[in-house]
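Structure at a glance
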Amino acid sequence: MKQELKIIGVNPIWISALLTGAFLVVCATGGENVHWGYLGFELIFPFYLSVVVGEWCKTRTDPMFEVIAAQGKSIFRWIVRRFLLLFGLVSIFALAGMVGVMLLKANMSFGDLVITFFPTAFFLASLCVLISVTTRVQHIPTMIVGILWLFSVMSISLLRFKIVQYFYLFARYAEIQEPLWIINKGWLLAAGMVFWVCIYAVIKKRIFEK
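These figures come from a predicted structure and were not determined experimentally.

Glancing now at the overall build of the protein chain. Of the regular secondary structure elements, the protein chain holds nine helices and zero strands. When the helices and strands of the protein chain are placed in sequence order, the string is α-α-α-α-α-α-α-α-α. Within the protein chain, the proportion of its 210 residues that are buried is 45%. Of the roughly 11,000 Å² that the protein chain leaves accessible, carbon and sulfur atoms contribute 70%.

To continue, consider the nonpolar core. Phe41, Val53 and Phe83 are the most contacted members of the largest nonpolar core, which totals 54 residues. Breaking this core down by element, the ones donating at least two residues are helix H2 (11-29), helix H3 (36-56), helix H5 (75-104), helix H6 (110-132), helix H7 (140-154) and helix H9 (180-209). Top contributing element to this core by residue count: H6, with twelve residues. Each residue touching Phe83, except ones within four places of it in the same chain, is listed here: Val53, Cys57, Phe122, Ala125, Ser126, Val129 and Trp196.

Quick reminder: α-helices carry 3.6 residues per turn. Residues three or four places apart thus point the same way. With 15 residues, H7 ought to run about 21 Å at 1.5 Å a step, and its terminal C-alpha atoms sit 21 Å apart, in line with that. Buried within H7 we find Pro141, Thr142, Val145, Gly146, Trp149 and Ser152. One side of H7 carries all its buried residues, which in axial view fall inside an arc of 125°. Projecting away from the buried face of H7 at angles above 90 degrees are the exposed residues Ile147, Phe151 and Met154. Its buried side turned inward, H7 meets H3 and H6.

Cut-offs used in this document
Residues numbered from 1 in each chain as written. Predicted model: local features only at pLDDT ≥ 70, side-chain atom pairs only at ≥ 80, totals over all residues. Heavy atoms only, no water. Helix = DSSP H or I, 4+ residues; strand = E, 2+ residues; numbered from the N terminus. Buried < 20%, exposed > 50% of the residue type's maximum accessible area, 1.4 Å probe, protein only. Areas by Shrake-Rupley, 256 points an atom, 1.4 Å probe, with all protein chains shown as cover. Core = buried A, V, L, I, M, F, W, Y, C linked by side-chain atoms within 4.5 Å. Contact = heavy atoms within 4.5 Å. Expected span 1.5 Å × (residues − 1). Arc of directions from axis to C-beta.

Shown next as structure tokens:
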């Protein structure tokens with residue numbers, strides 16, 4: 001973990017702190033017509049976390065990948081360790097932001113914001129890792145997830161079809177009602193876990209071919 005922290009550097013830390021501070025300033029000075037909790041922790045922070053994972057949780061684009069693949073005990077364990085380090089780091093700032101939003105907006109629930117944030121963030125970040133183990137082209141994982149995020153934001157009008165509500169990335173922001181949004185978040189968590197099964201399968205297949 002100490003070595004991974006040295007490789008990652010301080011950039012994710014100070015950028016995360018800057019984003020959290022800027023968001024709280026906007027939240028404090030913004031009006032009441034926007035649900036800042038859902039905007040921040042279902043749209044902004046999950047997308048930012050996926051960018052962090054896509055740019056710093058490098059796998060095949062890591063210059064040391066071939067060395068790690070040849071000498072490391074487990075590539076999968078290495079990927080999981082780097083993912084958890086970055087996911088946990090950004091999540092700490094997200095949780096701090098949730099506390100700040102609760103202090104600024106009395107009607108916010110910490111538990112509600114946690115449930116809003118983690119499934120969406122886990123889904124997008126896991127998708128980033130899956131893409132990163134299938135390509136050597138830098139920035140492709142971030143680009144693909146960014147396109148998916150943008151498409152989801154722009155396709156909110158499709159929610160008039162009930163089936164879409166089960167799979168829409170931003171269920172709370174779109175004000176999808178219970179129990180649909182709970183099923184929605186459960187599906188995102190399940191899909192994220194499936195991504196990790198696929199990551200493991202891709203890695204095992206690559207090692208087998210070696």
